[in-house]
Structures are given as C-alpha cells and as structure tokens.
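Listed below, chain by chain, are the residues.
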Amino acid sequence: MRVLVTGARGQVGHELLRRAPDGFMVSGLGSTDLDVGDAVQVEAIIERLRPQLIINAAAYTAVDKAESEPEQAYRVNRDGVAHLARTAAAADIPVLHISTDYVFSGDAEQPYRETDSTSPSGVYGASKLAGEQALAELNPRHLILRTSWVFGAHGHNFVKTMLRLGRERDSLGVVADQRGGPTPAASIADALWQLAALYRDHGNLQWGVYHFSGVPSCTWHDFAMEIFRQAVDLGLLERLPQVDAIATSDYPTPARRPAWSVLDCSRLVAVHGIAQPDWHDELRSVLQELVGA
Ligand SMILES: NC(=O)c1ccc[n+]([C@@H]2O[C@H](COP(=O)([O-])OP(=O)(O)OC[C@H]3O[C@@H](n4cnc5c(N)ncnc54)[C@H](OP(=O)(O)O)[C@@H]3O)[C@@H](O)[C@H]2O)c1
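Residues numbered from 1 in each chain as written. Predicted model: local features only at pLDDT ≥ 70, side-chain atom pairs only at ≥ 80, totals over all residues. Heavy atoms only, no water.

Q: Before we move on, can you summarise the site of the ligand with the specific residues and values?
A: As a structural note, the neighbourhood of the ligand is formed by 24 residues, with Ser31, Asp35, Thr61, Tyr124 and Lys128 the closest of them. At 2.9 Å from an oxygen atom of the ligand is found a main-chain nitrogen or oxygen belonging to Val12. Ser31 places a side-chain nitrogen or oxygen 2.5 Å from an oxygen atom of the ligand. Here the ligand has 900 Å² of accessible area as a free molecule, and 78% of this is covered by the chains. (Near = heavy atom within 4 Å. Polar contact = N/O pair within 3.5 Å; in protein donor to acceptor, adjacent residues only side chain to side chain. Areas by Shrake-Rupley, 256 points an atom, 1.4 Å probe, with all protein chains shown as cover.)

Q: Report on the sheet that holds strand β2 (residues 25–29), specifying residues and quantitative values.
A: Read from one edge of the open sheet, six strands run β2-β1-β3-β4-β5-β10, paired in parallel fashion. Each edge of the open sheet is held by one strand with a lone partner, namely β2 and β10 (208–211). Here the average twist between neighbouring strands, direction ignored, is 20°. Examined bridge by bridge, strand β1 (residues 2–6) and strand β3 (residues 53–56) share four bridges and lie parallel to one another. Following the sheet pairing, Leu4 is matched in β3 by Ile54. Across the face of the sheet, helix α4 (residues 123–138) comes into contact with β4 (95–100) and β5 (142–147) while running at roughly 155° to β4. Contacting β1, β2, β3, β4 and β5, helix α6 (residues 185–202) runs over the sheet at an angle of about 160° to β5. (Pairing = 2+ DSSP bridges. Helix = DSSP H or I, 4+ residues; strand = E, 2+ residues; numbered from the N terminus. Axes fitted to C-alpha atoms, helices over the stretch in contact; angles between N-to-C directions. Contact = heavy atoms within 4.5 Å.)

Q: Could you give me a rundown of unusual backbone geometry, with the residues and numbers involved?
A: Residue Pro216 follows Val215 across a cis peptide bond; omega there is -5°. Mapping Pro216 onto the fold places it in the loop between β10 and β11 (218–219). Backbone geometry at Arg50 places phi at a positive 45°, although glycine is not the residue there. By the secondary structure assignment, Arg50 is in the loop between α2 (39–49) and β3.

Right, here's the structure in full:
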C-alpha cells in the first residue's frame, strides 16, 4: 500500500518513517517538500504519488507563538488539513490525522471522552479543532487520533528540555497542577501503522475520533522527576537536581495550558484493540537512544 506521510521531519513523522512495517511503500515529505498550506502543491503531490492512504503528521505546534501569529497556525492546522482532506476525498483516499488534548478547556475532572464538548482556550487548540472540523466535513473516510504531551528522541519536547536544564542547573521549578498523559511519539506511530494495516487488510475502518495517550497520568512535576531518575540511572546526568513543585500561576505563558489533559482512551481499545502505552517504559527507550546519540 502506498502511503503519504506529511510533516515527516517532526517528532511523530520521524517515528512514522522509521517504524513503517513491511508492506507499506512510504513517501515521507517534510515541510520543504510539501507545504500543506499550499493547495496547489497538495494537489500536485497527491496526483503524482497517487497514495492509497495519507497520514497527516504536519502541524503548526508552537503553542505560545500561535497566540501572536494566528494566521500561520490556521494556515497549517485548519487550511492545510482542509487541502489534504478535499484532494484526498476527490481521489477516494482516506486520511489518518493527529490532533490534540488542547481542543478541550482543561477544566474537567474525569478523563475526556471523544464525545465530550470541545472548548479550546488558545489559538493553537482552536486551529487544531478547526482542522478536525474541516477534515470531518470534507472527507468522510477520516480518523482523528487526539493525543497529548508527545515526547521522543527526535525533535523538541519536555524530556529534552528537562535533560538540558538538569545539566545546567542544580534546582528548577516544574508545574505540579497540570495533569495529563505523556505519550511516546513511537507509540503514536505504531498505533497509526496498526490502523493503516487494519484498513489495508479489511478495505475499511471504523472512522471517527479516537483518543490515545500514555499511562499512568501524571503532572509535569511527576514526569520531570521520572525523567531525572532514569537519566541518572542511565548515566545521562551526573546527579539528581532539586525539582520544586510550582503552580501554573508561577510560570506564566502567552497561551493558557489546560489543567486537566487526561484522555479516556477506551474507545480505541474497544474498537481497534490498540492499548495505551506505559510511558515509563518508552521513556527508558528514548533516554537509551539519547545515551548513544
Ligand atoms: N507535541 C505535542 O506535545 C503534541 C501534543 C498533542 C498533539 N500533538 C499533535 O501531534 C502531531 C505531531 O506533532 P509533533 O509533536 O510531531 O510536532 P512537530 O515535531 O512540531 O512536527 C510537526 C511537523 O510539521 C511540519 N510542518 C509545519 N508546517 C508545515 C506545513 N505548512 N506543511 C508541511 N509540514 C509542516 C513541521 O516542519 P518544520 O519543522 O519544517 O516547520 C514539523 O516537522 C501534530 O498534529 C500535533 O498537533 C502534539
């Protein structure tokens, strides 16, 4: 099966390319090969490559910067998705798409289900929600995988920021009143390939919105503590820094962060048999990869 992966140089895109199972012929295009915000380019590439499935890992992901440049965020996260969805639908190609916990307000106290009402509090979340809506409207054969707190050995993420700060400082403050599910980019890629294989083998899939994130849920402070513990264990850091638990209000950012980002992922298990990954195990694999880097 011919598969087009967009955003191929991002965290998830990178893992999609290196974890593609046998039986898929993958064309992975980064933003310089295919700008999804350019409708003419999208049409030309799809016409030339004639993919049988598209996995969209391209996104504008700079959450804080999006507040001051909303046009760029919407150009990629809404318009880019719409261009892919429309062109794919015309050629009868399904689209697997990645979205985010930021479509929710973050005010809940129970894990978010796919049917819960959305209410993003910032530009990034609003632009991602607009992308979900465009995809649903323009291409009935779509699957949206909402995830959270993505980390991997490749690209920018919280794990790498913590490792850098752990080397530079003896102590640091990390937010302890936001809770979510750290999710390995590799696990997201594996889940998407499992879905792609189900589609290939059955010629169909139960389309729609699904949640997928790592377990157990934790706070950023818990996550940082585990990163440092494992990093010392693996010799990536010489000593444990002091990690103070701080409040969101102590760390102001241009975009408001959701206090509650926990996703209920039972639908993906029930419908497609794809279980939530344990992020502790995957964190070790990522850190081991960084030891060798
Ligand atoms: N990171 C998280 O914590 C997180 C959490 C929840 C959901 N998600 C979602 O997960 C998905 C993957 O995120 P990620 O963490 O892999 O993000 P990432 O590392 O920032 O990768 C996104 C990729 O999209 C590319 N891109 C940007 N504008 C583009 C355009 N106009 N055309 C084509 N490609 C473009 C970027 O290329 P350049 O680098 O060249 O600009 C980048 O390689 C996204 O849909 C994101 O919204 C991420």
